[in-house]
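Take a look at the letters that make up each chain.
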Amino acid sequence: MNIQMIEAAAKRLDGIVRRTPLLSSPALDALAGRAVYVKPECLQKTGSFKFRGGYAALSSLSPDLRARGVIAFSSGNHAQGVAYAARLLDTTAVILMPADAPSAKIEGTRSYGAEVILYDRAGGASREEIGAEIASSRGLTLIRPYDEPEVIAGQGTCGLEIAEQAADLGITDADVLTCCGGGGLTAGIALALEARAPGFRVHPAEPEGYDDTARSLRSGTRERNAVEAGGLCDAILTPQPGEITFPIVSRLCGSGVVVSDEEALRAMAMAFRHLRVVAEPGGAVALAAALFHGHELETDSVICTVSGGNVDTDVFARALSYA
């Protein structure tokens, strides 16, 4: 993985992805005690940053491989990103999703024309094994959600935008907080900023109980979560950091920040109240880290991703009770 791959992905994505803005609010600055800038990838096509990586990966395939179709496994955002990318590139997508995924994400994936196959995540079924079997039997190319170089390169285009937008604002020193599951977004942004904004320091943000990256950064080896399902922040619940992503994160990132579910819900409420941004719980953990864990940060400016906004209405209503 290198900056050249990210730049190549940016060329393929030019005119396809949305260039999301950097937003700010005096109220959020006051709450955090520093300048807070929000990168709302919830405004990206399909409602999350995952469209970047999905399109980058599919567009990098040879015409023959792409024509045969692809398969992906995801709790929802990677699913929708790959499904919509497949539709735009005139191919088919099979998406393996946990049966307990939010209904909005399952329905959204189907709406892009993908074939959705549900599996029992809570019962311990292995999406990797099921996905590999389907890929082999149908001749499909597997597009992994984070441990895929072209996916990481696509997510890194978000980092290129952050570097350019921060430069326009005169920001030369900042903590950058990323919502972190398997680490594709975190690794991609960190690689982009290493090349384009070396004064920035990336910190992965995670929910309590699913803080495998934070623990892995402390121990120096990939740690597993005790449980892999059932948490509020479904978008970023992964078993452990990726084989490809963790060495990048370990080399380039600072310590992880861990937030509670209540803090994630409060951040959702603050994002809507002050920015009119709709975030899902997993997509709000970086903002929660900025607002409620400032003592763990070092700079006067913080840039945080809102990585997704595909939230069920009942969860969003619960979040708004904190407004």
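It should be emphasised that the depicted structure is a prediction, and the values quoted were computed from it without experimental measurement.

A.B. asks: Describe unusual backbone geometry, listing the residues and the values that go with them.
C.D. replies: If you check the backbone angles, Thr-46 has positive phi at about 70° while not being a glycine. Relative to the helices and strands, Thr-46 is located in the loop between β1 (35–40) and α3 (50–60). The class for Thr-46 is buried, based on a relative accessible area of 8%.

A.B. asks: Could you give an account of the layout of surface pockets, with specific residues and numbers?
C.D. replies: Of the volumes computed, that of the largest pocket is approximately 530 Å³. As for the largest pocket, its lining consists of 36 residues, of which Arg-121, Arg-127, Leu-237, Thr-238 and Pro-239 are closest to the centre. Of all the secondary structure elements, the ones that give two or more residues to the lining of the largest pocket are α5 (77–88), α7 (127–138) and α9 (184–196). With three residues, the top contributor of residues to the lining of the largest pocket is α9. The residue makeup of the lining of the largest pocket, split by class, is 15 nonpolar, 14 polar and seven charged. Computed from the structure, the second largest pocket encloses a volume of approximately 320 Å³. For the second largest pocket, the lining is made up of 16 residues, of which Phe-73, Glu-128, Arg-144, Tyr-146 and Asp-147 are closest to its centre.

A.B. asks: Which residues make up the environment of Cys-42, and what values do they have?
C.D. replies: Residue position: Cys-42 is located in the loop between β1 and α3. Measuring from C-alpha to C-alpha, the distance between Cys-42 and Arg-222 comes to 29 Å, with 180 residues separating the pair along the chain. Aside from chain neighbours lying at most four places away, what touches Cys-42 is Gly-47, Val-277, Val-278, Val-306, Ser-307, Gly-308 and Gly-309.

A.B. asks: Tell me about the packing of aromatic side chains, residues and numbers included.
C.D. replies: Scanning the model with the defined rule gives four aromatic pairs in all. Consider the rings of Phe-51 and Tyr-55, whose centres lie 5.9 Å apart with planes at 55°: the pair is tilted. One end of the pair is Phe-51 and the other is Tyr-55, both in helix α3 and four residues apart, which spans about a single turn. Each of the two residues, Phe-51 as well as Tyr-55, counts as buried. Of the aromatic side chains, those joined through ring pairs into one cluster are Phe-51, Tyr-55, Tyr-84 and Tyr-112. Positioned above the aromatic ring of Phe-292 is the side chain of Arg-266, whose terminal nitrogen or guanidinium carbon lies 4.1 Å from the ring centre. Lying across the ring of Phe-272, Arg-276 places its NZ or CZ 5.2 Å from the centre.

A.B. asks: Give me the nonpolar core: which residues, what numbers.
C.D. replies: Inside soluble globular proteins, nonpolar side chains tend to come together where they are buried. The biggest cluster of nonpolar side chains holds 58 residues, and the ones touching the most others in it are Leu-193, Phe-200 and Ile-303. The biggest single contributor to this core is helix α8 (residues 149–168), with eight residues. Residues contacting Ile-303, with those up to four places away along its chain left out, are Leu-22, Tyr-37, Ile-162, Ala-166, Ala-174, Asp-175, Val-176, Leu-177 and Phe-200. Counting residues in each nonpolar core, the second largest holds 39 residues, with Val-257, Ala-284, Val-285 and Ala-289 among its members.

A.B. asks: Could you give me a rundown of the pairing of strand β6 (residues 174–179), with the residues and numbers involved?
C.D. replies: The buried fraction of β6 amounts to six of the six residues, a majority that puts the element mostly inside the structure. Burial along β6 is two-sided: Ala-174, Val-176 and Thr-178 facing one way and Asp-175, Leu-177 and Cys-179 facing the other are all buried. Pairing of β6 with strand β7 (residues 200–207) involves six bridges; the strand directions are parallel. By the bridge assignment, Asp-175 is partnered in β7 with Arg-201. The handedness of the β6 to β7 crossover, carried by α9, is right-handed. As judged from the three bridges shared by β6 and strand β9 (residues 301–306), these two strands associate in the parallel manner. Paired with Asp-175 across the two strands is Val-302, which belongs to β9.

Rules used in this analysis
- Residues numbered from 1 in each chain as written.
- Predicted model: local features only at pLDDT ≥ 70, side-chain atom pairs only at ≥ 80, totals over all residues.
- Heavy atoms only, no water.
- Helix = DSSP H or I, 4+ residues; strand = E, 2+ residues; numbered from the N terminus.
- Buried < 20%, exposed > 50% of the residue type's maximum accessible area, 1.4 Å probe, protein only.
- 1 Å grid on protein atoms, 1.4 Å probe; cavity = no way out; pocket = protein on both sides within 12 Å on 5 of 7 lines; lining within 4 Å.
- Points joined across faces, edges and corners; volume = space filled by probe spheres on them.
- Nonpolar A, V, L, I, M, F, W, Y, C, P; charged D, E, K, R; others polar.
- Contact = heavy atoms within 4.5 Å.
- Phe/Tyr/Trp six-rings, centres within 6.5 Å; stacked < 30°, edge-to-face > 60°.
- Lys NZ or Arg CZ within 6 Å of the ring centre and 35° of its normal.
- Core = buried A, V, L, I, M, F, W, Y, C linked by side-chain atoms within 4.5 Å.
- Pairing = 2+ DSSP bridges.
- Right-handed = clockwise from strand over helix to strand, strands pointing away.

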